[in-house]
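Residues per chain, in single letters:
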Amino acid sequence: MEPEKLNTFKTNFLKQSLYLSAILLIVYFILKFAAGVNGVSNATPFIILFFIALSNFLFYHQLKLVNERILKFVNRFMVITALKLFLFLFIILVYGFADRKGLAGFALSFMVVYFTFTVFEVVHIIKVQKLMVRQ
């Protein structure tokens, strides 16, 4: 894939991930302060920032691998996904040891942000894959 297309994908991913994060933050503030939901963790904005940074870093890394064979690309995508899951489990466990009372809210917030960003990333990876197959 040409470098200008890769840069376009990077830019679009960054912009759209920032929009998605803004929507998640608005939902957080509505739930936490307007609706008064107590189950939402105060760490949610930091979780969202973490996912912005990690998602963009990994998406850029995966775009570098886009010109490799499809099978190799898919294998690396699966390895990255597995490593992310272990990292996320570790983060939730560490938080659980640090704040047992707030663990349920943290885990729920983390899960919602995780699923949202996972769907977002997969949609973008599929777009990249479709362009690769056409070439």
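Throughout, residues of each chain are indexed from 1 in the direction in which the sequence is written. Given that the model is predicted, a residue must reach a pLDDT of at least 70 before its local features are reported, and side-chain atom pairs must reach 80 or more before they are shown or counted; all residues, however, enter totals for whole chains, interfaces and linings. No hydrogens and no water enter the side-chain calculation; it runs on all heavy atoms of the structure.

The helix and strand inventory of the chain stands at four helices and zero strands. Starting at the N terminus, the α and β elements of the chain follow one another as α-α-α-α. Counting only C-alpha atoms and orienting by the principal axes, one finds that the chain spans roughly 50 × 30 × 15 Å. The buried share among the 135 residues of the chain stands at 35%. A helix here means a DSSP run of H or I that spans at least four residues, while a strand means a run of E at least two residues long, and both kinds are numbered starting from the N terminus. Each residue's exposure class comes from its accessible area (1.4 Å probe, protein chains only) as a fraction of the maximum for that residue type: buried when under 20%, exposed when over 50%, partly exposed otherwise.

Moving on, we get to the confidence of the model for the chain. When pLDDT is averaged along the chain, the result is 89, and 96% of the positions lie at 70 or above. By definition, pLDDT measures how confident the predictor is in each residue, and it falls between 0 and 100. When mean pLDDT is compared element by element in the chain, helix α2 (residues 44–64) scores highest at 93, while helix α4 (residues 103–134) scores lowest at 89.

Turning our attention to the packing of α2 against helix α3 (residues 70–98). All axes are obtained by fitting lines to C-alpha atoms, using only the stretch in contact for helices, and the reported angles, taken between N-to-C directions, cover 0 to 180 degrees. Viewed as axis vectors pointing N to C, α2 and α3 meet at an angle of 160°, and their least axial separation amounts to 11 Å. In terms of orientation, α2 and α3 fall into the roughly antiparallel class. Judged by the twist between their axes, the crossing of α2 over α3 is right-handed. Side by side, α2 and α3 meet where F50, F51, L54, L58, H61 and Q62 of the first sit next to F73, F77, I80, K84, L87, F88 and I91 of the second. Of the residues belonging to the contact of α2 with α3, the class tally is ten nonpolar, two polar and one charged. Any angle that is under 35 degrees is reported as roughly parallel, and any over 145 degrees as roughly antiparallel; angles of 65 to 115 degrees are reported as roughly perpendicular and all others as oblique. In this scheme the crossing of two helices becomes right-handed for a clockwise turn of the near helix relative to the far one and left-handed for an anticlockwise turn of less than a right angle. Note on contacts: a residue pair is in contact if any heavy atoms of the two residues lie within 4.5 Å. In this count, Pro and Cys sit with the nonpolar residues alongside Ala, Val, Leu, Ile, Met, Phe, Trp and Tyr, while Asp, Glu, Lys and Arg are called charged and the others, Gly among them, polar.

By size, the foremost hydrophobic cluster in this structure holds 27 residues, and its most contacted members are F51, F59, L63, V113 and F117. Of all the elements in the fold, those that place two or more residues in this core are α1 (3–34), α2, α3 and α4. Apart from residues no more than four positions distant in its own chain, F117 is found in contact with S17, L20, S21, L24, F51, I52 and S55. For the purposes of this section, nonpolar cores are sets of buried Ala, Val, Leu, Ile, Met, Phe, Trp, Tyr and Cys residues that join through side-chain atoms within 4.5 Å.

Moving on: a nonpolar patch on the surface. A contiguous nonpolar surface patch, about 290 Å² in accessible area, is contributed by I23, V27, L31 and V37. Take L31: it is sitting in helix α1. Residue classification places L31 among the partly exposed positions, given a relative accessible area of 34%. Patches here are clusters of residues that have more than 30% relative accessible area and form no salt bridge, with a 9 Å joining cutoff for like charges and a 5 Å cutoff for nonpolar side chains (Val, Leu, Ile, Met, Phe, Trp, Tyr). Reported accessibility uses the Shrake-Rupley method at a 1.4 Å probe radius. Residues are deemed covered only where the shown protein chains occlude them. Salt bridges are defined as contacts in which a side-chain nitrogen from Lys or Arg sits within 4 Å of a carboxyl oxygen from Asp or Glu.

Right, let's get into α3. For an α-helix, 3.6 residues make a turn, and residues three or four places apart therefore share a direction. With 29 residues, α3 ought to run about 42 Å at 1.5 Å a step, and its terminal C-alpha atoms sit 42 Å apart, in line with that. Taken together, the buried positions of α3 are F73, I80, K84, F88 and G96. The span you would expect from a helix comes to 1.5 Å times its residue count less one.

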